[in-house]
Amino acid sequence: MNALDSLLDTLASKPAQAYLLVGHNPAAFARALIAKIYCPHRCGSCSHCHKLQAGTHPDLLWVTRSGKRISIDQIRELQQQALYAPLEAPKKIYVLEGVEDLSLEAANSLLKILESPPAFLIFLLLARTQNLLPTIVSRCQVIKLPKPPEETIVSELRRQGFPPDAIEYLLSVTKGEPPPPDLHPSRDILKERDQLRQRLLQAQDPELWELLKSEDILARYETSLEILRRLRRWNAAEILRAAAMLSDSPPDVVHSFVQEATYWCRDLLAQGTETARFNRDCNAELSAIKADPVKLTEALRALETAPWKWQRQNANLQLLLESLLFTLRAALL
Ligand SMILES: [Zn+2]
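About the thresholds
- Residues numbered from 1 in each chain as written.
- Predicted model: local features only at pLDDT ≥ 70, side-chain atom pairs only at ≥ 80, totals over all residues.
- Heavy atoms only, no water.
- pLDDT = per-residue confidence, 0-100.
- Helix = DSSP H or I, 4+ residues; strand = E, 2+ residues; numbered from the N terminus.
- 1 Å grid on protein atoms, 1.4 Å probe; cavity = no way out; pocket = protein on both sides within 12 Å on 5 of 7 lines; lining within 4 Å.
- Points joined across faces, edges and corners; volume = space filled by probe spheres on them.
- Nonpolar A, V, L, I, M, F, W, Y, C, P; charged D, E, K, R; others polar.
- Core = buried A, V, L, I, M, F, W, Y, C linked by side-chain atoms within 4.5 Å.
- Buried < 20%, exposed > 50% of the residue type's maximum accessible area, 1.4 Å probe, protein only.
- Contact = heavy atoms within 4.5 Å.
- Pairing = 2+ DSSP bridges.
- Donors = N, O, S within 2.8 Å, 3.2 Å for Na, K, Ca; no water.
- Tetrahedral: all angles 85-135°; square planar, octahedral: opposite > 155°, others 65-115°.

**Q** For this particular structure, what's the right way to read the confidence of the model for the chain?
**A** As a note on interpretation, predicted positions should not be read in detail where pLDDT is low. Here the chain averages 90 in pLDDT, and 98% of its residues register 70 or above. In the model of the chain, helix 15 (residues 293-312) stands out as the element of lowest mean pLDDT, 85, in contrast to strand 3 (residues 92-96), which has the highest, 97. Taken together, the chains of this predicted complex give a pTM of 0.77 and an interface ipTM of 0.99.

See the structure below:
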């Protein structure tokens, strides 16, 4: 039994009322935990197992965003439903994805249920980072899910059928997270990468921001990098325009850009050390950038606190992004 399995056993045997799952593949962990809570032996043949498999378990509610993020209406609906006892299992389980994207209003509504949930209710909150309202975090047991070692990730990607030369690139794109289902081994991702880079080189700004919003993870990744490249030569007016465009994008787009910028800065800061890069596909390019470590550290701090600031303080996103982009430019020059 590995560490993760025994953690699952411990949690499932006496579940707390609210968990915040952050880090590597929280959705997969949530599914495993739910299965264990409903059927400790995961027999595969009882009614709980069958209904979980079919996605029809009446006591499980899995909330994903409808539109840009989970809406205040979805949270209100959930508040209503929370009053009713479970139908078939001893516990009702509510899963909320992308909790870091909740608006302040929605987060406060959620907080109300988290403060005094009915005893039969378990919350699993899924987030990419722990940069959330501290009042929400403090009501949850935080489970940080570590990334598996690289060999495990690589052999899993091989097992899925990705060719060896594509895996290196894939690791840069997903940073070791499992690739989304539409990123199938049958896609020639290296060819797609080259075509994307070609297209991005010529893309005018409107096209750039459209591509950043793409659902396709390759397009989003390559576009984020292109924006970071252009940022170095943008003047003040162009940066202000970029902040306006970015603040107009859905929250998950802003998040993924901030995330890529963070990895880029970390790679630059690790320059000259033995640490493996996140963007290993860009090794040569990264080595050619001579960034100032002090300014990089400042930029990293700004990047890491940004999501928290705009959720907690309901700060003006556009202003925040303006200052963030200027700080970034200073670090990347
Ligand atoms: Zn079962």
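**Q** Just checking my understanding: could you explain the layout of surface pockets for this structure?
**A** To find leftover empty space, a probe the size of one water molecule is rolled over the atoms. Each pocket or cavity is described by its volume, and for the largest pocket that value is around 1,700 Å³. As for the largest pocket, its lining consists of 47 residues, and the residues nearest its centre are Arg128, Glu177, Ile217, Ser256 and Gln259. When residues of the lining of the largest pocket are traced back to their parent elements, those giving at least two are helix 2 (26-38), strand 4 (121-127), helix 8 (164-174), helix 11 (217-231), helix 13 (251-269) and helix 15. Among the elements that line the lining of the largest pocket, the one with the most residues is helix 13, at nine residues. In the lining of the largest pocket, the residues fall into 17 nonpolar, 13 polar and 17 charged. Here the second largest pocket is characterised by a volume of approximately 370 Å³. Around the second largest pocket, the lining is made up of 14 residues, and of these Leu4, His24, Asn25, Pro146 and Pro148 lie nearest the centre. Those elements that place two or more of their residues in the lining of the second largest pocket are helix 1 (3-13) and helix 2.

**Q** Sorry if this is basic, but what is going on with the nonpolar core here?
**A** Across soluble globular proteins, you tend to see nonpolar side chains buried next to one another. Counting 55 residues, the largest nonpolar core has Leu228, Leu231, Trp234, Trp264, Leu325 and Leu328 as its most contacted members. Of all the elements, helix 13 adds the most residues to this core, at eight residues. The residues touching Leu231, leaving out its near neighbours within four places in the chain, are Ile239, Leu325, Leu328, Arg329 and Leu332. Membership of the second largest hydrophobic core comes to 29 residues, among which are Leu20, Leu111, Ile113 and Cys140.

**Q** Could you clarify how one ought to interpret the pairing of strand 1 (residues 18-23) in this entry?
**A** Along a regular strand, successive side chains alternate from one face of the sheet to the other. Counting buried positions along strand 1 yields five of six residues, so the element is predominantly enclosed. Relative to strand 4, strand 1 runs parallel, the two being bridged by five bridges. Of the residues in strand 4, the one forming a bridge with Leu21 is Leu126. With five bridges connecting them, strand 1 and strand 5 (residues 141-145) associate as parallel partners. Pairing of Gly23 across the sheet is with Leu145, part of strand 5.

**Q** In this structure, what is going on with the coordination of the zinc ion? I would like to understand it.
**A** Put simply, a metal with four donors set out as a tetrahedron has ideal angles of 109.5 degrees, and one with six donors set out as an octahedron has ideal angles of 90 or 180 degrees. For the zinc ion, the protein coordination sphere consists of Cys39 (SG), Cys43 (SG), Cys46 (SG) and Cys49 (SG), at 2.2 to 2.4 Å. For the zinc ion, the four donor atoms are set out with angles of 102 to 119° between them, so the coordination reads as tetrahedral. Between the donor residues of the zinc ion, the gaps in sequence give the motif C-x3-C-x2-C-x2-C. Of this pair, Cys39 sits in the loop between helix 2 and helix 3 (47-54) while Cys49 sits in helix 3; the two residues are 10 residues apart in sequence, bridging distant segments of the chain. Since its relative accessible area comes to 9%, Cys39 is described here as buried.

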